[in-house]
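Residue-level listing of the chains:
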Amino acid sequence: QLRRQARERREYLQRRAREQQQQRQRERRESLRRALDENRLLPTELRHEALALQKELEFDFQAPGETGNSQDDEYKWAGLEPPKVMVTTSRDPSARLRLFAKELCLLLPGARRMNRGRAELGALVAACRATGVTDLLVLHETRGRPDGLTVSHLPHGPTAHFTLSGAVLRQEVGGLGGAPLAAPHLLLLRLDSTLGKRVGTILKHLFPVPRPDSRRVVTFANEDDVILVRWVTRGDTDTPPSPPWASLTPPPHRNHIYRRRGRTVELEEVGPRFQLRPYLIRLGTLDQGDAADVEWRWHPYTATAPKRRLLSAT
């Protein structure tokens, strides 16, 4: 088992390095193509191999649906089978964190909660690999307040770390009905930058493929690099031509039930309430720790940090 995991990890790294080399070569050919189309001088670094690159341009094409990026190779076959998500907490969790883990399992269809106990991270990840778990979620807290979420995709990564804030449990909201358990449709709003698409890929593959008549909608809306999680359930009416929930503007940090009453729309909160902010993405699994390569890290102390929008293109 250990030799097979080492071999699969080695093959994944070799495949990733090969595809990165192909991506760099493709960028050089594209730079040569732009220079020829605009009738300007060739870049200095391409002048010695311009003739060889020009011959490769005749056979340069990209298959439909091919991204040319090995970072998402772990999600290549996602969707063929429902994901198996395991939710756990840090050691010695408070009662509030245990309740929040239960409600997170309601948000993720098919997710199971596991008591952490005294298990080490290495043993935890190994047990998840052996049972076919695709994603491991670990919740963290500070003085009984949930403040962190780690999403580790198995068997080889990536691992995304989020700051969790504004957590309000369903029982604290009060007056809520039962939580629907069907697989939801997903809306990723304003996650259109390269980093935003990467974070959206990590989050959306926690959910199974929904049925066309599913009445659940989960929205991950980016507002100033903070992802607001909204939970909407369609009412017992016919599906309109265009999704009406896409134009709704419910209060932030909340999940809602959506129901159509004639020409009007009524919203009822479902819960729980929370928001996410990514700060680190590693290319390995959770048990590798600092040994895994860092794909992206948030640097809040740079001079341009308040002016940047990382998750959205505008």
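What counts, and where the lines are drawn
Residues numbered from 1 in each chain as written. Predicted model: local features only at pLDDT ≥ 70, side-chain atom pairs only at ≥ 80, totals over all residues. Heavy atoms only, no water. pLDDT = per-residue confidence, 0-100. Contact = heavy atoms within 4.5 Å. Salt bridge = Lys/Arg side-chain N within 4 Å of Asp/Glu carboxyl O. Buried < 20%, exposed > 50% of the residue type's maximum accessible area, 1.4 Å probe, protein only. Helix = DSSP H or I, 4+ residues; strand = E, 2+ residues; numbered from the N terminus. Arc of directions from axis to C-beta. 1 Å grid on protein atoms, 1.4 Å probe; cavity = no way out; pocket = protein on both sides within 12 Å on 5 of 7 lines; lining within 4 Å. Points joined across faces, edges and corners; volume = space filled by probe spheres on them.

*Asks:* So what exactly am I meant to see when it comes to the confidence of the model for the protein here?
*Replies:* Low pLDDT marks regions whose predicted coordinates should not be analysed in detail. Mean pLDDT for the protein: 80, with 81% of residues reaching 70 or above. In the predicted structure, residues 236-254 sits below a pLDDT of 50 and forms 30 contacts with residues beyond four places in sequence or in another chain.

*Asks:* Teacher, can you tell me more about the pattern of salt bridges here?
*Replies:* This structure, assessed with the given rule, holds seven salt bridges. One salt bridge in this structure joins R40 and E38, with 2.7 Å as the shortest N-O distance. On the basis of relative accessible area, R40 is assigned to the partly exposed category, the value being 40%. Among the ionic pairs, R282 bridges to D290, the shortest N-O distance being 3.1 Å. By relative accessible area, which is 10% here, R282 ends up buried.

*Asks:* Would you mind showing me how to read helix 2 (residues 50-57) here?
*Replies:* Since one α-helical turn is 3.6 residues long, residues separated by three or four positions face the same way. All of the buried residues in helix 2 are A50, L53 and L57. Looking down the long axis of helix 2, one finds its buried residues gathered within 65° of arc, a one-sided arrangement. Those residues of helix 2 that are exposed and angled more than 90 degrees off the buried face are L51 and K55. Lining the buried residues of helix 2 we find helix 1 (2-37).

*Asks:* Teacher, can you tell me more about the layout of surface pockets here?
*Replies:* Here the largest pocket defines a volume of roughly 860 Å³. Contributing to the lining of the largest pocket are 36 residues, with E74, A78, T134, H153 and L154 lying nearest its centre. It is helix 1 that contributes the most residues to the lining of the largest pocket, five residues altogether.

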